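# Examining the three-dimensional arrangement
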Amino acid sequence: MRRRSGKATALAVCSLLATAAARADDWTEGYLGVGIGADVLSSDVRGELCCESISQSGPVGGDLGLSITAGADYQLNSHFVVGAFVSYDWSNIETTATLSDGFDTISASLLNINQSWTVGGRVGALVTPSTLVYALLGYTWLDLEDISVSAFGMPATFPLPDANGWTTGLGFEHKLGRGLSVRGEYRYTHFGQETLLDDAFIGTIKADAGLHNARLVAAYRFGGSDAGNAPDASVPPARFAGGFYLGGGFGIEALSQDLGLGATFFGGAAGIDGLSTGSFGGTLVAGYDVMIAPRILAGAFASYDFSTADSVISASALGLGISASLPSLDDSWTVGARAGWTVTDDSLLYALVGYTRVSVNDPTIGAGPISFAIPFPDLDGVTIGGGFEKLITANLSLRAEYRYTMLDDERIDLVPGFLGIGIESALHSAKLTATYRFTAGDYLN
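Residues numbered from 1 in each chain as written. Predicted model: local features only at pLDDT ≥ 70, side-chain atom pairs only at ≥ 80, totals over all residues. Heavy atoms only, no water.

## A word on unusual backbone geometry
Short version of the rule: Strands are runs of DSSP state E lasting at least 2 residues, helices are runs of H or I lasting at least 4, and numbering of each runs from the N terminus. Working definition: with a 1.4 Å probe on protein chains only, accessible area under 20% of the residue-type maximum means buried, over 50% means exposed, and in between means partly exposed.
Although it is not a glycine, Arg178 adopts a positive phi angle of roughly 55°. Locating Arg178 in the fold gives a position in the loop between strand S9 (163-177) and strand S10 (180-199). For Arg178, a relative accessible area of 77% translates into the label exposed.

## Describing the packing of aromatic side chains
Inclusion rule: Centre distance within 6.5 Å is the pairing criterion for rings of Phe, Tyr and Trp, where only the six-membered ring of Trp is used; planes under 30 degrees apart are then read as stacked, over 60 as edge-to-face, and the remainder as tilted.
Scanning the entire structure with this criterion turns up 11 aromatic pairs. Ring centres of Phe172 and Phe388 lie 6.2 Å apart, and the angle between their planes is 25°; on these two criteria the pair is classed as stacked. Placement of Phe172 in strand S9 and of Phe388 in strand S21 (residues 379-391) is noted, with a sequence separation of 216 residues between them. Given the relative accessible area of 5%, Phe172 is considered buried. When the centroid spacing of 5.9 Å and the interplanar angle of 90° are considered together, the rings of Tyr186 and Phe250 count as edge-to-face. Highlighted residues: Tyr186 in strand S10 and Phe250 in strand S12 (residues 243-263), separated in sequence by 64 residues. Taking relative accessible area as the criterion, Phe250 reaches 24% and is therefore assigned partly exposed. Put simply, the rings of Tyr139, Trp141 and Trp166 pair up and form one aromatic cluster.

## Remarks on the pattern of salt bridges
We count it as follows: Salt bridges, as used here, are contacts in which a Lys or Arg side-chain nitrogen is within 4 Å of a carboxyl oxygen on Asp or Glu.
The tally for this structure, following the rule as stated, stands at 23 salt bridges. Here Glu173 makes a salt bridge to Arg221, at a shortest N to O gap of 3.1 Å. Separated by 48 residues along the polypeptide, Glu173 in strand S9 and Arg221 in strand S11 (residues 203-222) bring together distant segments of the chain. When its relative accessible area of 0% is taken as the criterion, Glu173 is described as buried. Note on Arg221: relative accessible area 4%, which makes it buried. Through salt bridges with shared partners, one network takes in Glu29, Asp39, Asp73, Asp89, Arg122, Glu173, Lys175, Arg183, Glu185, Arg187, Arg215 and Arg221.

Structural data, given as structure tokens:
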């Protein structure tokens, strides 16, 4: 019932936004947009199962995220804008597990996010006539697929409740002209505590979950005007110039891994696909740009990205404490190049390519006083992506960026020639960054 009411509310907001009358003020208009980025779902699980305690904390899923958004804004005066929005988000977070002894196979779908809807409002300040920095508040419904298990030809399903909770976030949006705008946005949703299992014989399990997502969004704005792109005579707009820059920011990194365990001497195999890590994290970037033509910029960069969360599982069985930390994203380095087109003198759309090295914390397993770690290799791969950058002053700029890294396959030999783990990984990241450019952009005449 909750899922239907959430969708009905979202659709009602869409209808109201679509029929809202638009005025001809700079930001008083409606919009439709699509976005790409990264999602990470984290949880804090506590409970008892068959009279034994269990717990889990940290990220449980992370992967690519896509969005469709609609909204309407109203410009209050020359400094402030308010608006309402609705967004539909699809995530590629899906975790499955298989176990085979060579004769029979057990498979399970452990975590699968179908979709989510968010309705809310935003309020922002115009740092330039065409650039809005804003905060948002909304309410989100998250649709989770039920857990399904198939063992020896017999399927079973364990229902998971849909989750809903409050969403907060922030971002910036710039109007490019001709009805187009680009924005970068980060959101966090806290869903609160949900009961996953409540059975007098089996036990009780409760979870407190949160969802991070970050998006790079392109939107078409209709019903208003492009007057917001007109220069402000009191503050002449700057244009891009070459030179060094330093920057820092925040966003989401989602590392998705497919792990396969093969035991050749038994003929058995086990695998877990979509085991994910990552979370809210920070970034530092340095680079050098050159204007190679009146509208074309090219440059080289290096960036350091770090994550903030580990995933830990613990249980108590027969008085013995058992714990495991899953492989978790630590940090990454990227070196690369970018090239872009200055859509306007103070705004840049660009593509990038680079090479990335990812460090993953070693997974550990402990039982009572005994514990051991499995050495996890660094992962390397090629990165592609794109972004948008806007000069706020002659030296200061804001950028929103999405990257995808296909990492090389790796193998860990637990018992060389007999038992090993194969690793296939990919990294999605979406970041909001502020940069200081040491060479000030020339002012337009």
